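# Report on the structure
Letter by letter, the chains look like this.
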Amino acid sequence: MREIRGPIDYLGKLGSFLSEIHRRAKVQNTGFLALAIEALDLLRNHHFNRKNYIDYELYRIDIPRANKLEFIPDDPKTLKSIWETLNPPAYASLFYNKYIFHRFFAAAGLALSPLYGIFDPECGISSDGRPLRNLQDLKGLFEKYHIEQPVIKPVEGTQAKMTYIIKEIVDKEKWLFRDIRDRELSLRSIYEEIADKEKIRNKLKANPWAYDPVESFMIEERVEQDSDLTEVVGPVLSPVRILTVVDMNQGISIAGARFHLLDHRYAEDANYKDVIDASVDFDTGEIGMGYKTKYSALTTTEIMPTCARPFRGFTCPKWDEVKRMAVLAAKAFPWSRVIGWDIGITPNGPVLIEGNTKWGPATIQIPSRRGLMRGALKETYEHMLNSRPPGEDVRNL
């Protein structure tokens, strides 16, 4: 039965896809056959999947074919080629290891959240050189620095797994906190989680981004978001991602940008279905339409579920400073050519959160309605790909 079920499922999906193309052709008053032939060519020869075809509106006859091919498909081999050609894996630790990232870019003069220490039962150390390896060490750290809104997160991790974002102290004598989801947590319960290396391995073992996961935790100050921005996106830090390109002449340009708007009710999972990716105008910083792109059919929105004021049309505060920070970060380490910089916007200016070598094209391409494989990014990628020694092609690794 399995041998039969596979072809049947494939034919069913193909039939459903062709029905969708027929509907799109009818809406545009164009021929079904021509649209279907182009669609199947994009899927077969250019590695787009059916969701890409719909989400990027590749069925539209008013979009020139050349512009359609500027979109980067969600194809694992294609993405591997782009990411590892532009950002050699030899430099990965700088971006995957948050401690190394913090130390390097803070030393380069960029603003990052204050770092209080690294907790690890075996080798933890505070920023002033004291041990940070048990519950008493944690209490001593919090007392010395009067930490009231800490963020405790894995040194290597993604999607905010095992990340604790505290918004207030409930009882200082008992060391009870309330997190951004209004859950009450004790310092002891947090300690028991982050000190259990077997539990950490089980929770982080599925992390595809870390080459050799480090079972340590950073303790840093929570980034306070600009109050005007909070009015339209909610209380949780919603970073803007700026995609920079360092071309072969060491020129730095911005290839794309988007806001990642996080609902505070689900802020511990950046891939939750209610996360919204919104476009942002390069020149003005004006936020555009928002798109929900995770785990469900693509939908649009102009307002966060927990906010009364729409974010669409709102101009991002300190936008010129945000762009300047992204360019300075790219300049600090130009050997990684295309990085997605996540930047938080605070009352005192932008703060660098992280840099992503495996930036997700869809989260930028869908809100902007433009493909990224053009201009400096395309030229740099093709130059670096063609400069590889004969027989070495990351697409075959």
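In this report, the structure presented in the accompanying data block is examined. Source: prediction; values computed, not measured.

## Examining the overall build of the chain
Scanning the chain for helices and strands turns up 14 helices and 14 strands. With the model as given, the accessible surface of the chain reaches about 19400 Å², and the carbon-plus-sulfur share is 51%.

## Description of the side chain of Lys197
Secondary-structure assignment places Lys197 in helix 10 (residues 197-204). On the accessibility criterion, Lys197 (17% relative accessible area) is buried. In contact with Lys197, not counting residues within four places along its chain, are Asp120, Pro121, Glu122 and Glu215.

## Here we look at the sheet that holds strand 2 (residues 125-126)
The strand order 2-1-7-3-4-5-6 describes an open sheet built from 7 strands, whose pairing is antiparallel. Of all the strands in the sheet, just strand 2 and strand 6 (184-186) have a single pairing partner and so form its edges. With 5 bridges joining them, strand 3 (residues 150-154) and strand 7 (residues 217-221) adopt antiparallel strand pairing. In the sheet register, Lys153 faces strand 7, and the bridge partner there is Met218.

## Regarding helix 5 (residues 76-86)
Here helix 5 lies mainly inside the structure; 8 of its 11 residues are buried. Where helix 5 is concerned, the buried positions are Thr78, Leu79, Ser81, Ile82, Trp83, Glu84, Thr85 and Leu86. Elements that come into contact with the buried residues of helix 5 comprise strand 13 (338-346), helix 13 (361-368) and helix 14 (375-386).

## Considering the packing of aromatic side chains
With the rule as written, the count across this model stands at 18 aromatic pairs. Summarising the aromatic geometry, the rings of Phe101 and Phe105 are spaced 4.6 Å apart at their centres and angled 45° between planes, so their arrangement reads as tilted. A residue pair is termed a helical-turn pair when its members lie 3 or 4 positions apart in one helix, as Phe101 and Phe105 do in helix 7 (residues 98-107) at 4 residues. Judged by relative accessible area, Phe101 falls into the buried class, the value being 3%. Aromatic side chains Phe333 and Trp335 sit 5.1 Å apart centroid to centroid with 65° between the ring planes, which places their arrangement in the edge-to-face category. Given the relative accessible area of 12%, Phe333 is considered buried.

## Structural notes on a nonpolar patch on the surface
Side chains of Phe32, Leu33 and Ile37 sit close together on the surface and give an oily, nonpolar patch of about 300 Å² of accessible area. Of the residues examined, Leu33 reaches a relative accessible area of 59% and is grouped as exposed.

## Thoughts on the sheet that holds strand 11 (residues 287-292)
Strand order in the open sheet made by the 7 strands is 12-11-10-9-8-13-14, with antiparallel pairing throughout. Unpaired on one side and paired on the other, strand 12 (299-301) and strand 14 (349-356) mark the two borders of the sheet. Between one strand axis and the next, the sheet turns through 30° on average, direction left out of account. Each of strand 8 (240-246), strand 9 (252-261) and strand 13 is contacted by helix 14, which is oriented at about 50° to strand 8, the strand it contacts most.

## Overview of the pattern of salt bridges
One pass over the full model with this rule turns up 28 salt bridges. With its nearest N and O atoms 4.0 Å apart, the salt bridge here joins Arg65 to Glu38. In this pair, Arg65 sits in helix 4 (residues 65-68) while Glu38 sits in helix 2 (residues 32-45), placing the two residues 27 residues apart along the sequence. By relative accessible area, which is 35% here, Arg65 ends up partly exposed. Sharing partners across several salt bridges, the network here consists of Glu38, Asp41, Arg65 and Lys68.

What counts, and at which threshold
- Residues numbered from 1 in each chain as written.
- Predicted model: local features only at pLDDT ≥ 70, side-chain atom pairs only at ≥ 80, totals over all residues.
- Heavy atoms only, no water.
- Helix = DSSP H or I, 4+ residues; strand = E, 2+ residues; numbered from the N terminus.
- Areas by Shrake-Rupley, 256 points an atom, 1.4 Å probe, with all protein chains shown as cover.
- Buried < 20%, exposed > 50% of the residue type's maximum accessible area, 1.4 Å probe, protein only.
- Contact = heavy atoms within 4.5 Å.
- Pairing = 2+ DSSP bridges.
- Phe/Tyr/Trp six-rings, centres within 6.5 Å; stacked < 30°, edge-to-face > 60°.
- Patch = residues over 30% accessible without salt bridge, like charges linked within 9 Å, V, L, I, M, F, W, Y side chains within 5 Å.
- Salt bridge = Lys/Arg side-chain N within 4 Å of Asp/Glu carboxyl O.
- Axes fitted to C-alpha atoms, helices over the stretch in contact; angles between N-to-C directions.

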